[in-house]
Amino acid sequence: QAQFVESGGGLVQPGGSLRLSCAASGFPDDSYVIGWFRQAPGKAREGVSYINLSDTTTFYEDSVKGRFTIFRDAAENAVHLQMNSVKPEDAGVYYCAASPIWKVGIRVMWARDYDNWGQGTQVTVSS
C-alpha cells in the first residue's frame, strides 16, 4: 500500500522561500507520476506540479511556473517542491499524491486521477 507523508510547511513572508517534502513508501516501481496539489480556504483543490518518476519529466501550472521547482531524491525516496518568490495566493494546504503513468494526461492535473493522498502540510504566507 503506497503512502505519503508531507512536511516542510510553515510561515513564510511574501517573496520568501520554502521547501516542501513528500516522503513515499510502498511503491513497487517508478511507473507513477507524483503530483503536488494545494487547497486554499473556500477553493477547490488545484494542481501545482508533477514529476514523472520513470523519466523525471516535470510539469508546472502557469500560476507557479518559474517560481517553483519539483525534484526527486531517490536515495531518500522523496519528492520535493522548492517554492521561491512566494506570493500570498500560494497559501494553503499542500498535498502530494500518485497516479499511474497510464492514467494521467499530459500538461493537465486532475485530482480525480490521483490516489494515496498524504495528510498535507500547511503553508501560510504573511508579512
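Residues numbered from 1 in each chain as written. Predicted model: local features only at pLDDT ≥ 70, side-chain atom pairs only at ≥ 80, totals over all residues. Heavy atoms only, no water.

## A look at the overall build of the protein
- Scanning the protein from terminus to terminus reveals 0 helices and 10 strands.
- Listing the helices and strands of the protein from first to last along the sequence gives β-β-β-β-β-β-β-β-β-β.
- Relative to the compact-globule value of 14 Å for 127 residues, the protein shows a C-alpha radius of gyration of 14 Å, a close match.
- In the protein, which comprises 127 residues, the proportion classed as buried is 43%.
- Contacts in the protein between residues at least 24 apart in sequence constitute 59% of all its contacts with a sequence separation of at least 6.
- Accessible surface, the protein as shown: approximately 6600 Å² in total, 48% of it carbon and sulfur. (Helix = DSSP H or I, 4+ residues; strand = E, 2+ residues; numbered from the N terminus. Rg over C-alpha atoms; globule rule 2.2 N^0.38 Å. Buried < 20%, exposed > 50% of the residue type's maximum accessible area, 1.4 Å probe, protein only. Contact = heavy atoms within 4.5 Å. Areas by Shrake-Rupley, 256 points an atom, 1.4 Å probe, with all protein chains shown as cover.)

## Some points on the nonpolar core
- Formed by 25 residues in total, the largest nonpolar core has its most connected members in Trp 36, Leu 81, Met 83, Tyr 94 and Val 123.
- When contributions to this core are tallied by element, the ones reaching two or more residues are β3 (18-25), β4 (32-39), β5 (46-52), β7 (68-73), β8 (78-83), β9 (92-100) and β10 (121-125).
- The element best represented in this core is β3, accounting for 4 residues.
- Once you skip the residues sitting within four places of it in the chain, Tyr 94 turns out to touch Glu 6, Leu 20, Trp 36, Phe 37, Arg 38, Val 48, Phe 68, Leu 81, Met 83, Gly 120, Thr 121 and Val 123.
- Counting residues in hydrophobic clusters, the runner-up holds 8 residues, among them Val 33, Tyr 50, Met 109 and Tyr 114. (Core = buried A, V, L, I, M, F, W, Y, C linked by side-chain atoms within 4.5 Å.)

## Re the pattern of salt bridges
- This model, assessed by the stated rule, comprises 5 salt bridges.
- Each of Arg 38, Glu 46, Arg 67 and Asp 90 takes part in one network of salt bridges that share partners. (Salt bridge = Lys/Arg side-chain N within 4 Å of Asp/Glu carboxyl O.)

## A look at the sheet that holds strand β2 (residues 10-12)
- As summarised here, the arrangement of the 6 strands in space is β2-β10-β9-β4-β5-β6, forming an open sheet in which the pairing is mixed. The sheet is open, and its two borders are formed by β2 and β6 (58-60), each paired with just one other strand. Pairwise comparison of adjacent strand axes, ignoring direction, gives a mean angle of 25° for this sheet.
- In this sheet, β9 lies alongside β4 in antiparallel orientation, the contact comprising 8 bridges. Residue pairing across strands places Trp 36 opposite Cys 96, the latter belonging to β9. (Pairing = 2+ DSSP bridges. Axes fitted to C-alpha atoms, helices over the stretch in contact; angles between N-to-C directions.)

## What about the side chain of Ser 49?
- Mapped onto the elements, Ser 49 comes out in strand β5.
- With relative accessibility at 0%, the residue Ser 49 sits in the buried group.
- In terms of polar contacts, Ser 49 uses its side chain to reach the backbone carbonyl oxygen of Phe 59, at 2.8 Å.
- Residues contacting Ser 49, with those up to four places away along its chain left out, are Ile 34, Gly 35, Trp 36, Phe 59, Tyr 60, Ile 70, Leu 81 and Met 109. (Polar contact = N/O pair within 3.5 Å; in protein donor to acceptor, adjacent residues only side chain to side chain.)

## As for the packing of aromatic side chains
- On inspection of all chains with the given rule, the structure shows 4 aromatic pairs.
- Between Phe 37 and Tyr 114, the aromatic rings sit 4.9 Å apart at their centres with planes inclined by 75°, giving edge-to-face as the arrangement. Residue Phe 37 is located in strand β4, and its partner Tyr 114 is located in the loop between β9 and β10; the two are separated by 77 residues in the primary sequence. Exposure class is identical for Phe 37 and Tyr 114. Each is buried.
- Ring pairing ties together the aromatic residues Phe 37, Tyr 95, Tyr 114 and Trp 117, which thus form one cluster. (Phe/Tyr/Trp six-rings, centres within 6.5 Å; stacked < 30°, edge-to-face > 60°.)

Coordinates in, geometry out; function isn't part of it.
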